[in-house]
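Coordinate inspection notes
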Amino acid sequence: MFQDTRPAEIDPAVAQWAEFRVTHPTERLRLLRELRDGSVPVSLNAPDGTAITVGLWSLDQTPQRLNFSVEPDAPQLEALVDADEAVAVAYLASVKLQFDLHGFVLVRSARACALQCAMPAEIYRFQRRHSYRVRTAGRNDPVARFRHPALPDITLSLRMLDLSIGGCALWLPSDLPPLQPGTRLGEVQVELDFETRFAAPATLQHVTSIGLGEHGVRLGCEWQGLTGAAERVLQRWIDRSQQRRRRLALE
């Protein structure tokens, strides 16, 4: 969805942003700790255009303050402190985090320089486009349904091998009519699970033979213009899948 360090234009009053908002204290702390423990670069962007990249050094939960390590001679520091507010942007693997910061104080010592500010009240969490691909494996794999472009009387119902914000891979058994790369599939009805569905046009990019213990080919498809609603449904499903796999890896 967002692929660089520029902040997204977010209006908290608009309902569509609510699903990306992280407000629970435990979840917010977990994300901030990942930034700290992974030494993840954080871009701070002030309203006047001042921007600086820093590192989250520590979290003080009792006074609810963050401490960023900064270069003491960075020319942007004074302007950032004077602005007293900034939007922070950072990446955790395929996830973009964005949050507002305010109350900047520059603390200098003989050996280091730290930028302090209030802990954010909320964090926005976005899945990066084309970054995280869910590989399906199970009896309840997502399914894509669409009319065969050359044989409109035939409706194909194909199992999804993997899925991302950018596109998907479908399994086409050899006993079904073939498809050629470059073919526009029209509107594809996607059933992610029993309760989650969306529709989007797609184009077939490539056809590949793979060994799945059965005869058929892999269809690599690219979405063509997801609507805002469809993108939010898909992004939320991918995000849940990513979180579920992370939990399983820790067990």
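Time to look at helix α1 (residues 25–37). An ideal rise of 1.5 Å per residue puts 18 Å on 13 residues; α1 measures up with 18 Å between its terminal C-alpha atoms. Those residues of α1 not exposed but buried are Arg 28, Leu 29, Leu 31, Leu 32 and Leu 35. Viewed end-on, α1 has its buried residues packed into an arc of 165°, placing them on one side of the element. Turned more than 90 degrees away from the buried face of α1, the exposed residues are Thr 26 and Asp 37.

Next up on the list: unusual backbone geometry. Look at Ser 39: it is not a glycine, yet its phi comes out positive at around 50°. By the secondary structure assignment, Ser 39 is in the loop between α1 and β2 (41–45). For Gln 64, which is not a glycine, the phi torsion comes out positive at approximately 55°. Residue position: Gln 64 is located in the loop between β3 (51–60) and β4 (65–69). Assessed through its relative accessible area of 37%, Gln 64 is described here as partly exposed.

Quick look at the nonpolar core now. If you look at the biggest cluster of nonpolar residues, it comprises 34 residues, and the most contacted ones within it are Leu 32, Leu 35, Leu 44, Leu 66, Phe 68, Leu 101 and Phe 104. In terms of nonpolar packing, the next biggest core, distinct from the first, is built from 29 residues, Leu 170, Leu 226, Val 233 and Ile 238 among them.

This part takes up the confidence of the model for the chain. In the predicted model, the chain carries a mean pLDDT of 82, and 82% of its residues have values of at least 70. Model confidence for the chain, summarised as mean pLDDT per element, is weakest for strand β10 (residues 134–135) at 62 and strongest for strand β11 (residues 143–147) at 94.

Of note, Thr 53 is situated in strand β3. Judged by its relative accessible area of 55%, Thr 53 falls in the exposed class. Sequence-wise, Thr 53 and Ser 43 are ten residues apart; in three dimensions their C-alpha atoms are separated by 4.4 Å. Leave out the neighbours within four places in its chain, and Thr 53 touches Pro 41, Val 42 and Ser 43.

Tallied over the entire structure, the rule returns three aromatic pairs. The interplanar angle of 50° and the centroid separation of 5.2 Å between the aromatic rings of Phe 20 and Phe 126 together place this pair among those described as tilted. Remark: Phe 126 occurs in strand β9 (residues 123–127) and Phe 20 occurs in the segment before β1 (21–22); sequence separation between them is 106 residues. Here Phe 20 and Phe 126 have matching classes, each one buried. Summarising the aromatic geometry, the rings of Phe 198 and Trp 223 are spaced 5.6 Å apart at their centres and angled 70° between planes, so their arrangement reads as edge-to-face.

What counts, and at which threshold
- Residues take numbers from 1 onward in each chain, read along the sequence in its written order.
- Per-residue local features are limited, in this predicted model, to residues with pLDDT of at least 70; the limit for side-chain atom pairs, both in listing and counting, is 80 or more; totals at the level of whole chains, interfaces and linings are taken over all residues.
- Side-chain measures were taken over the full set of non-hydrogen atoms in the model, leaving aside hydrogen atoms and water.
- Secondary structure elements are taken from DSSP: a helix is a run of H or I of four residues or more, a strand is a run of E of two residues or more, and numbering for both begins at the N terminus.
- Here the expected length of a helix is defined as 1.5 Å per residue gap, with one fewer gap than residues.
- Buried means the residue's accessible area, taken with a 1.4 Å probe over protein chains only, is under 20% of the maximum for its type, while exposed means over 50%, and partly exposed covers the values in between.
- By construction, the arc corresponds to the directions joining the helix axis to the C-beta atoms.
- We define a nonpolar core as any set of buried Ala, Val, Leu, Ile, Met, Phe, Trp, Tyr and Cys residues linked to one another through side-chain atoms lying within 4.5 Å.
- As a per-residue quantity, pLDDT reports the predictor's confidence and falls between 0 and 100.
- Two residues qualify as a contact provided that any one of their heavy atoms is within 4.5 Å of a heavy atom in the partner residue.
- A pair of aromatic rings is counted whenever rings of Phe, Tyr or Trp (Trp by its six-membered ring) have centres within 6.5 Å, and the orientation is called stacked for planes under 30 degrees apart, edge-to-face for over 60 and tilted otherwise.

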